[in-house]
Amino acid sequence: MAEEREDVWDVIVVGAGVMGSSTAFHLAQGGSKTLLLEQFFLPHTRGSSCGQTRIVRKSYIAEHAHYADMVTASIRIWQQVEKELGTTLLVPTPRLLWARSENPKIHAIADTLDGVGARNSRLQTGELRRRFPMLRFPAGHVGVLEEDAAVIKADTAVRCLQELFVRRGGRIKDGERIVKVVPGQTITVTTATMTYRTRRLVMTCGAWAPGILCDLGLNLPLKPLRINVCYFREKQPTSTHSLAANFPVIKDEDDDVYGIPSLEYPNMVKICRHVNWKTGHVANPEQRDVNIREHLEEDVRYLSNLVRRHLPGLEDKPAVVETCMYTNTPDAEFILDRHPRFHNIVIGTGFSGHGFKLGAAVGRLLSELATDRPPFLNMGPYRIARFTPPKAAL
Ligand SMILES: Cc1cc2nc3c(=O)[nH]c(=O)nc-3n(C[C@H](O)[C@H](O)[C@H](O)COP(=O)(O)OP(=O)(O)OC[C@H]3O[C@@H](n4cnc5c(N)ncnc54)[C@H](O)[C@@H]3O)c2cc1C
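Definitions and cut-offs
- Residues numbered from 1 in each chain as written.
- Predicted model: local features only at pLDDT ≥ 70, side-chain atom pairs only at ≥ 80, totals over all residues.
- Heavy atoms only, no water.
- Helix = DSSP H or I, 4+ residues; strand = E, 2+ residues; numbered from the N terminus.
- Rg over C-alpha atoms; globule rule 2.2 N^0.38 Å.
- Buried < 20%, exposed > 50% of the residue type's maximum accessible area, 1.4 Å probe, protein only.
- Contact = heavy atoms within 4.5 Å.
- Areas by Shrake-Rupley, 256 points an atom, 1.4 Å probe, with all protein chains shown as cover.
- Lys, Arg positive; Asp, Glu negative; His and termini not counted.
- Charge placed at Lys NZ, Arg CZ, Asp CG, Glu CD.
- Near = heavy atom within 4 Å.
- Polar contact = N/O pair within 3.5 Å; in protein donor to acceptor, adjacent residues only side chain to side chain.
- Nonpolar A, V, L, I, M, F, W, Y, C, P; charged D, E, K, R; others polar.
- UniProt positions renumbered as here; feature names shortened; annotations may be inferred.
- Axes fitted to C-alpha atoms, helices over the stretch in contact; angles between N-to-C directions.
- Parallel < 35°, antiparallel > 145°, perpendicular 65-115°, else oblique.
- Phe/Tyr/Trp six-rings, centres within 6.5 Å; stacked < 30°, edge-to-face > 60°.

**Here's the deal with the overall build of the protein chain**
Phase 1: Regarding its fold elements, the protein chain presents 8 helices and 21 strands.
Phase 2: The C-alpha radius of gyration of the protein chain comes to 21 Å, within 12% of the 21 Å expected for a compact globule of 394 residues.
Phase 3: With respect to the principal axes defined by its C-alpha atoms, the protein chain has extents near 65 × 55 × 45 Å.
Phase 4: Buried residues in the protein chain amount to 55% of all 394 residues.
Phase 5: In the protein chain, the proportion of contacts linking residues at least 24 apart, taken out of those at least 6 apart, comes to 73%.
Phase 6: Only carbon and sulfur atoms are counted for the fraction: they give 50% of the accessible area of the protein chain, which is about 17200 Å².
Phase 7: Averaging the locations of the 50 positively and 43 negatively charged side chains of the protein chain gives two centres separated by 1 Å.

The following block contains the structure:
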């Protein structure tokens, strides 16, 4: 086993998805000598940050309204990245939510948007039909249009963060899987081929977090979930479902299904179930695609039904299916905290299928935790202690 000749690193970040890449960028920006280690050769499609598009939105229910503020902070950082690299990451795209009028969730989301000052319009069925003729709404449906939502170019965004990290003196080593961590004032990190030493460690391991954290004595309630990403083709290749034609990002709040006008493939819409702790298909990321037929068929049936109901211009079977991973907590809140025993180990996980847009801000928060600076947002909702069982009454 080779021992690295470098001195001790200030910080090692494990995992080069959006969260690790952003954390590494912020650390290098703050002057920390930082190494970013990734188990696969970059770029790869095994984690959660792969693919070309993610939604940027502030539409959350009241209990999760703090994410709307985090989105504002994150957008500011994404815009700085765009400016420095002279590129476009955020494509303004309104987001249309709909539901049966008796569904309280859609009204709660509209209230949150009002509360955080995000421009939105509440639409009755007639207005929905008039403004979105390519969509079909049965009677009794209402909608909310979040005017300033966006689509972020996801894999480009991760690449940009990595580029800025390297520009600031950071080092990336891919194809290096961490197999052992020995905590201490100086932490020893062992990969298949190398041993590194560092004062601080940030673990942003996505769906692999449960295993590696368990080795550090931490059993967090985390479920890696396999997501089927389906692309439905237009019946006529008219591009009416494209960003260029102002087709919105869509979300059916009754069925928890969302869609994005596809950047990836012309004349297709990317449509997925937004699953949670209870509804998702649990999968070991090392065996992600084993025994998937039943779940895939179930998802395709579910999504095809929705397409037939609401998207008459699309074929009702997906033309392309890809795969991605969520890592969910029971409350869909992130975990951003120090290890309870080893305070120089910082953990960022449990992004529960809504983390990407927030990655720029999360990286800043994790870098602040790792360097003992006060976090710029309230960290209350993200603490590990929320899972600790209450002490028995004396
Ligand atoms: C289909 C889909 C759609 C989504 N849509 C949205 C959306 O519209 N908006 C939104 O905000 N969010 C969305 N998300 C969620 C968002 O993409 C994730 O929250 C985010 O990408 C999580 O990033 P991560 O860095 O934690 O994980 P990852 O990207 O998986 O990164 C973790 C990295 O750690 C590496 N790693 C793990 N273990 C080790 C080890 N032992 N040694 C070295 N490296 C290791 C992995 O290889 C991986 O590269 C979506 C997710 C999916 C799957």
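**A few points about the site of the ligand**
Phase 1: The environment of the ligand is formed by 35 residues, the closest being Glu38, His44, Ser49, Ile55 and Cys324.
Phase 2: In this structure, an oxygen atom belonging to the ligand sits 3.4 Å away from a main-chain N or O atom of Val18.
Phase 3: The contact in question runs from an oxygen atom of the ligand to an N or O atom on the backbone of Thr204, over 3.5 Å.
Phase 4: For the ligand, whose unbound accessible area comes to 1000 Å², protein coverage reaches 97%.
Phase 5: Top element by residues in the shell around the ligand is strand β19 (residues 320–328). It accounts for 3 residues.
Phase 6: Of the residues assigned to the shell around the ligand, the class counts are 18 nonpolar, 12 polar and 5 charged.

**Here we look at the UniProt feature "domain: FAD dependent oxidoreductase" (unreviewed entry) in the protein chain**
Phase 1: In this numbering, the UniProt entry assigns the feature "domain: FAD dependent oxidoreductase" (unreviewed entry) to residues 10–369.
Phase 2: Taken end to end, residues 10–369 comprises 28% helix and 29% strand; its first and last C-alpha atoms sit 13 Å apart.

**Considering the packing of helix α2 (residues 66–85) against helix α8 (residues 359–370)**
Phase 1: Orientation of α2 relative to α8, taken along the N-to-C sense of each, is 95 degrees, at an axis distance of 7 Å. Classified by the interaxial angle, the pair formed by α2 and α8 is roughly perpendicular. On the side of α2, the interface is formed by Met70, Ala73, Ser74, Ile77 and Trp78, while α8 contributes Gly359, Ala360, Ala361, Val362, Arg364 and Leu365.
Phase 2: Looking at the contact of α2 with α8, its residues break down into 8 nonpolar, 2 polar and 1 charged.

**Some remarks on the packing of aromatic side chains**
Phase 1: Taken as a whole and judged by the stated rule, the model has 9 aromatic pairs.
Phase 2: Between Phe40 and Trp208 the ring centres are 5.7 Å apart and the planes differ by 70 degrees, which places this aromatic pair in the edge-to-face class. Taken together, the positions of Phe40 in the loop between β3 (34–37) and β4 (53–56) and Trp208 in the loop between β13 (194–203) and α6 (209–214) put the pair 168 residues apart, joining distant regions of the chain. Residue Phe40 shares its accessibility class with Trp208, and that shared class is buried.
Phase 3: Ring geometry for Tyr231 against Tyr265: centres 4.8 Å apart, planes inclined by 80 degrees, an arrangement best described as edge-to-face. Here Tyr231, found in strand β14 (residues 223–233), pairs with Tyr265, found in the loop between β16 (257–261) and β17 (268–273); they are 34 residues apart in sequence, far enough to count as distant.

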